[in-house]
Amino acid sequence: MKKHLIQIFCIILLLYYSSTIAYASFKELWKGNFDYKIEKLLSIDLNKNGINEILIGRYKNLNLLEWNKDTFINRWQSPEFKRAVDFEYYEFNNFLLVKKYNPQNKPIIPYKYRPIIPHTLLYKDGKYVLKEIEETQIPSWQGEKYIISGSFKKRGAHDVIITSEKAQEFHLYLREAKPPNKILWKSPFTIYKYGVVPLFGDFDNDKKIELLIALYKETKVYWISPKGKKFETKEIKKTKSHKNTYIFPLSSSNPERYFKTGRSTSKDFDELFFIDALYYVGGGPLFRAVWQKERFKVQAILIRESLEKDKGGVGYENLNLADIDNDGLDEIIISEIRGDMVQTPEEPRISNRHDVIHILKWNGKEYKKIWTSQSFGAITEVLVDDVTGDGKKDIVVGNEEGEIHIFGQN
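Structure report, in brief. (Residues numbered from 1 in each chain as written. Predicted model: local features only at pLDDT ≥ 70, side-chain atom pairs only at ≥ 80, totals over all residues. Heavy atoms only, no water.)

What follows covers the packing of aromatic side chains. Considering all chains together, one arrives at 29 aromatic pairs under this definition. The interplanar angle of 80° and the centroid separation of 5.3 Å between the aromatic rings of F152 and F200 together place this pair among those described as edge-to-face. With F152 in the loop between β10 (144-150) and β11 (160-165) and F200 in strand β16 (residues 196-201), the pair connects residues that are 48 residues apart, well separated along the chain. By the burial criterion, F152 is buried, and F200 matches it. Residues F203 and F296 carry aromatic rings whose centres are separated by 6.1 Å and whose planes lie at 75° to one another, so their mutual orientation is edge-to-face. With F203 in the loop between β16 and β17 (210-215) and F296 in strand β23 (residues 295-302), the pair connects residues that are 93 residues apart, well separated along the chain. Pair check on accessibility: F203 and F296 agree, each one buried. Through a chain of ring-to-ring contacts, three or more aromatic side chains come together here, namely F203, W223, F248, F259, F274, F287, W291 and F296. We note K234 situated over the ring of W223; from NZ or CZ to the ring centre the distance is 5.2 Å. Here R288 stacks its cationic end above the ring of W362, 5.7 Å away from the centre of that ring. (Phe/Tyr/Trp six-rings, centres within 6.5 Å; stacked < 30°, edge-to-face > 60°. Helix = DSSP H or I, 4+ residues; strand = E, 2+ residues; numbered from the N terminus. Buried < 20%, exposed > 50% of the residue type's maximum accessible area, 1.4 Å probe, protein only. Lys NZ or Arg CZ within 6 Å of the ring centre and 35° of its normal.)

Rendered as structure tokens:
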């Protein structure tokens, strides 16, 4: 009997460690250099073959990588524009807007405020074509801009959209995703100047999806719940430790990279993960927040390392959540900034960047690092998605030098 118990125990250990090796083992599938800093990455199936291509945004160029048998091919490259080019993806209707900025003389205007010549990227007759479009073809609402889409009915669906007014002090609108995009809700609160991060999820395990809205440079967080055909809005109360501070500190630069929702410990409710990069040069520590009664309980996962520890670790950024091993729970994929902190008269900066990627998994008691990559220089973008069509998540890394590294699971 004792012998059989030992055998069963050994089998359980073998299964556990073999599964750990399976999801923690990645190999580099492809590496390329595009000369300019990688500023944006998007996974999108333009050619409708069931395998996502990788759209790469740089300052003056766009590139499209496509998986072909056992390697990636640079299938399309835009001409080099005289001014900046950017893209925006509308998930609710699968529309890709390519924004080519108009040349401007005087006065000098920041690119994000300059007029654009709208284009879209199409797959036609076996080729990718950048086509100029009319302003009327862009999903738009009078005096409002698109923020994000989601659903109160089903995780991953996109049947409602969130827009905001174009003003210094503005409201949010919840609209139906289908035309004529009827307004369902207008925020009873106003937001001053800075942005917001809206997140859909079932945070309180009531089997209903809520909408959480965190504001940049505000101590307030709002919780929106559907009540029949109306929506209830309440402000999340702060704990004593949050008395005069932000509940979820948000960075003003690309806050969506620092704030995500997912299910890493349970399949029944959503958790919040955020990086406190508001006061830090070079990323910041990573936190997890779980709803308990009327408040979120915040727990530190990865703290800011001192320069003497962990090979010069400074902080974390580029937060992603994805089910790497297909067990129904999300893993945390995050980049760690490593380098030398240099004090200057203006502000500190980081030199000798040799950033890495970590994957963390909940083991029932704590989050453990199950994989750490090689160093990549200064990482700018991390994309996690299936870009090879094998049903497994891949990791795409872009850096300041214009390099792309793509890792697939063994």
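Now that the structure has been shown, we can carry on.
Sheets are built from strands that pair by backbone hydrogen bonding, the pairs being arranged parallel or antiparallel. In space, the four strands of this open sheet follow the order β6-β7-β8-β9, with antiparallel pairing throughout. In this open sheet, the two strands that pair with only one neighbour each are β6 (85-90) and β9 (127-132). This sheet shows a mean twist of 30° between the axes of neighbouring strands, independent of strand direction. Here six bridges tie strand β8 (residues 116-124) to β9, and the two strands are oriented antiparallel to one another. Pairing of L122 across the sheet is with V129, part of β9. (Pairing = 2+ DSSP bridges. Axes fitted to C-alpha atoms, helices over the stretch in contact; angles between N-to-C directions.)

Moving on, we get to the side chain of E210. The topology assignment puts E210 in strand β17. Put simply, E210 is tucked away with no salt bridge, and the nearest opposite charge, on K227, sits 8.0 Å away. In terms of polar contacts, E210 uses its side chain to reach the backbone amide nitrogen of F203, at 2.9 Å. With near-sequence residues (within four places) excluded, E210 lies in contact with F152, L199, F200, G201, D202, F203, D204, W223, I224 and S225. (Lys, Arg positive; Asp, Glu negative; His and termini not counted. Salt bridge = Lys/Arg side-chain N within 4 Å of Asp/Glu carboxyl O. Polar contact = N/O pair within 3.5 Å; in protein donor to acceptor, adjacent residues only side chain to side chain. Contact = heavy atoms within 4.5 Å.)

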